[in-house]
Amino acid sequence: MIRINCPFCGERDHSEFTYGGDGTIDYPALDASIEDWHEAVFQRENIRGMQTETWHHVNGCRAWLLVERDTMTHEIRSVRAAHPGMAKVLEKAI
Amino acid sequence: MTRFSAWNVFVNGLTGQKGWARQWRDPEPKKKYDVVIVGGGLHGLATAYYLAKNHGIKNVAILEKGWLGGGNAGRNTTIVRSNYARPGNREFYEHSLRLWENLSHELNYNVMFSQRHHVALLHSPAAIDAAARNYNIFRLTGTPDAEIWDLEKLMGTIPHLNYGPNARFPIMGAAVQKRAGTARHDAVAWGYARGADSLGVDIIQNCEVTSVKRNKGKVVSLQTSRGVIEGNKIGFAVAGNTSRLWQMTGLGKLPIETHKLQAFVSEPLKPLLDHVVVFGIGGAHFYISQSDKGGMVFGGDLDWYKSYAQRGNLPIVQDVAEAAMSILPCLGRVRLLRHWSGVMDMSMDGSHFICKTPLDNLYLNAGWNYGGFKASPGSGWYFADLIANDRPDPVIENHDLKRFERGVNIDERGAGPDPKLHG
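Notes on the structure in this doc start here. Within any chain, residue numbers begin from 1 and follow the written order of that chain's sequence. Chain A is the first chain written and ligand 1 is the first ligand written, with later ones labelled in order. Given that the model is predicted, a residue must reach a pLDDT of at least 70 before its local features are reported, and side-chain atom pairs must reach 80 or more before they are shown or counted; all residues, however, enter totals for whole chains, interfaces and linings. Heavy atoms throughout the structure, all of them, feed into the side-chain values; hydrogens and water do not.

### Here's the deal with the overall build of chain A
- In this description a helix means any DSSP run of H or I spanning at least four residues, a strand means any run of E spanning at least two, and both kinds are numbered starting from the N terminus. Along chain A, the regular secondary structure elements total two helices and six strands.
- From first element to last, N terminus to C terminus, chain A shows the α and β order β-β-β-α-β-β-β-α.
- For chain A, the spread of C-alpha atoms along the three principal axes comes to 40 × 30 × 20 Å.
- Residue burial is assigned from relative accessible area. The probe radius is 1.4 Å, only protein chains are included, and a residue is buried under 20% of its type maximum, exposed over 50%, and partly exposed in between. In chain A, which comprises 94 residues, the share counted as buried stands at 37%.
- Intrachain contacts of chain A at a sequence separation of at least 6 include 44% that bridge at least 24 residues.
- Per-residue and other accessible areas follow the Shrake-Rupley method at a 1.4 Å probe size, with only the shown protein chains counted as cover for residues. Counting every atom, chain A has about 5,500 Å² of accessible surface; 52% of that belongs to carbon and sulfur.
- When charges are counted, neither His nor the chain ends are considered; positive counts come from Lys and Arg and negative counts from Asp and Glu. Note that the charge is assigned to NZ on lysines, CZ on arginines, CG on aspartates and CD on glutamates. When the 10 basic and 15 acidic side-chain charges of chain A are each reduced to a single mean position, those positions are 8 Å apart. Between two residues, a contact is recorded if the distance between any of their heavy atoms is within 4.5 Å.

Below is the structure:
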């Protein structure tokens, strides 16, 4: 079991969450080229090592999180809210 | 190589089993080969075998970072079937199944291929209709053994499934492929290795590729843990770790994520289950067969997050155990003997890649999702054909890296571009 330290709920089992995917993808503008959309939707770096990824705390606070996790050892380096505004508020509170 | 035959078994039985040669050589790598295949799994071994057998290209090396049968060749549930419905996949898997049917004779090695039926349980009238549509496609495209069984036929054939009226998903029938079944995974690796070696292929184990040297549009050489090896043509067949090797070539991203899939084997039992049984509905996913040693071999879903770790998580163990209990409650007191996890290339549409690459002399075999074991003979066949002739056979012409740019998805489940959903 991976334990994820949700910034809203505290440390919980990963089975409370669903895995989203690569958290570093910059989705292009709606009218961007086919090539840009192909790159964002289909192409992956597929890192072995520390990667930033999205998790959804679906059986908790339902917030989307950005998690830095090692895809080989499953060690987690950081967890923060995916919404930049929310992440900023949380940082100030600490 | 000594051929296996009744006569040789008889003679060696009388002479202390001293007449058998080793199954394949352990050669030092040469400096240069016509073709270098990276990855000594089932796909790499089959590719080398068919390069030598079908195309007469015998100056071939297989580079394996570990030992034969130590990767995903030994981390699967050994199920073989061809009930795929999308164009391209249909012809590919049916061809692969036909190769399986003659594989023991072809290789002079008993791969213990057992055509014991693949029985996928159906739980609603809509599921029966959907299965009937797919199975009509199979029958119309050269797979004569697709059948839909009603409940009476199913209960008569496999009486000990949970047919209780209180089951969460009562069983209403089954979609059956009769020529599908299981094979002995180690024997497939060893059989192809022995066959390839006897045709002149060098199988080089403990040889990990650490970097790829390029000169503009070509691969020049591979730096390995056993020295520099050159090849006129290079083939990658390292599903699970394709992205890592790909990045060594400097070609960037791939439409692949690496996920891990667990499987399980129980203590050996007396004969209990004569078929491959599959249960999949409403979040449950479960497939089971009984090995020739008696162990119940079964598996379920991916671990649901990207991972290169060859070890599984416990929530999935529980999910799989629950699925087992819901269709075969008689397994409740059976103990698990072993459980393992393999890492697989999950692609964006759940289908594979056998294709040319942006580099002139580099060929890719990747993206096998859940389907790698059953595919291995066909995969080797078509990959060898691609490497030898430098053009894809029409069967695999859409199994290239550019298909998403063309708007072509070979998506059996209709799950969309999310690799973890293509289980």
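### Observations concerning the interface of chain A and chain B
- Facing the 23 residues of chain A at the interface are 26 residues of chain B.
- Simply put, the buried area is the total loss of 1.4 Å probe accessible area from both parts when two parts are fitted together. Here chain A meets chain B over a buried area of about 2,300 Å², counting both sides, of which 52% is carbon and sulfur.
- The salt bridge definition used is simple: a Lys or Arg side-chain nitrogen within 4 Å of an Asp or Glu carboxyl oxygen. Run the count over chain A and chain B and you get two salt bridges.
- Think of a polar contact as two N or O atoms within 3.5 Å of one another; within protein, one of them needs to be a possible hydrogen donor and the other a possible acceptor, and neighboring residues in sequence only count if both atoms come from side chains. Taken together, chain A and chain B are joined by 16 residue pairs in polar contact (both at pLDDT 80 or more).
- For the side of chain A that touches chain B, the elements supplying multiple residues, two or more each, are β3 (18-22), α1 (34-42) and β4 (50-56) of chain A.
- Broken down by element, the side of chain A that touches chain B gets its largest block of residues, four residues, from α1 of chain A.
- When residue character is reported, Ala, Val, Leu, Ile, Met, Phe, Trp, Tyr, Cys and Pro are called nonpolar, Asp, Glu, Lys and Arg charged, and the others, Gly included, polar. Of the residues contributing to the side of chain A that touches chain B, the split by class is eight nonpolar, 10 polar and five charged.

### Overview of the nonpolar core
All names here are of chain B.
- Core analysis: the largest hydrophobic core is formed by 49 residues, its most contacted members being F92, W100, V188 and Y192.
- Only β1 (32-38), α2 (42-55), β2 (60-63), α3 (89-101), α4 (103-107), α7 (185-198) and α10 (372-389) provide two or more residues apiece to this core.
- The biggest single contributor to this core is α2, with eight residues.
- As used in this record, nonpolar core signifies buried Ala, Val, Leu, Ile, Met, Phe, Trp, Tyr and Cys residues forming a set joined through side-chain atoms within 4.5 Å. Residues V36, L63, C207 and L222 belong to the second largest nonpolar core, which totals 29 residues.

### Quick word on a nonpolar patch on the surface
- Candidates for patches are residues over 30% relative accessible area with no salt bridge; among them, like charges are joined within 9 Å and nonpolar side chains (Val, Leu, Ile, Met, Phe, Trp, Tyr) within 5 Å. A grouping of W7, F10 and L14 of chain B is seen on the molecular surface, where their side chains present a nonpolar patch of about 420 Å² in accessible area.
- Within the element layout of this structure, L14 of chain B appears in helix α1 (residues 6-14).

### Digging into helix α9 (residues 314-327) of chain B
Residue and element names in this part refer to chain B.
- Between the first and last C-alpha of α9 there are 21 Å, a value that for 14 residues agrees with the 20 Å anticipated at 1.5 Å per step.
- Those residues of α9 that fall on the buried side of the exposure criterion are P315, I316, V317, V320, A323, A324 and I327.
- Here α9 starts with a cap whose side-chain oxygen sits 3.2 Å from the backbone nitrogen of I316, and that cap is N313. By this rule, a helix spans an expected 1.5 Å times one less than how many residues it contains.

### Some details on the packing of aromatic side chains
Residue and element names in this part refer to chain B.
- Note on aromatic pairs: the rings of Phe, Tyr and Trp (six-membered ring only in Trp) are paired at centre separations within 6.5 Å, and the planes decide the class, stacked below 30 degrees, edge-to-face beyond 60, tilted for the rest. Counted by the stated rule, this structure contains 22 aromatic pairs over all chains.
- Taken together, a centroid distance of 5.2 Å and an interplanar angle of 75° make the contact between Y49 and Y50 edge-to-face. You'll find Y49 and Y50 in the same group, each marked buried.
- Taking 5.6 Å as the distance between ring centres and 65° as the angle between the ring planes, the aromatic pair formed by Y49 and Y192 counts as edge-to-face. Within this pair, whereas Y49 is found in helix α2, its partner Y192 is found in helix α7, the two being separated by 143 residues in sequence. As far as burial versus exposure is concerned, Y49 and Y192 are alike and both buried.
- Connected via pairs of aromatic rings, a cluster forms that spans Y84, F92, Y93, W368 and Y382.
- Residue placement shows K153 over the ring face of W149; its charged tip is 4.8 Å from the ring centre.
- Geometrically, a charge over a ring is one whose NZ (Lys) or CZ (Arg) sits within 6 Å of the ring centre while staying within 35 degrees of the ring normal. Geometry around F169 places R168 over its ring, the cationic atom sitting 4.4 Å from the centre.

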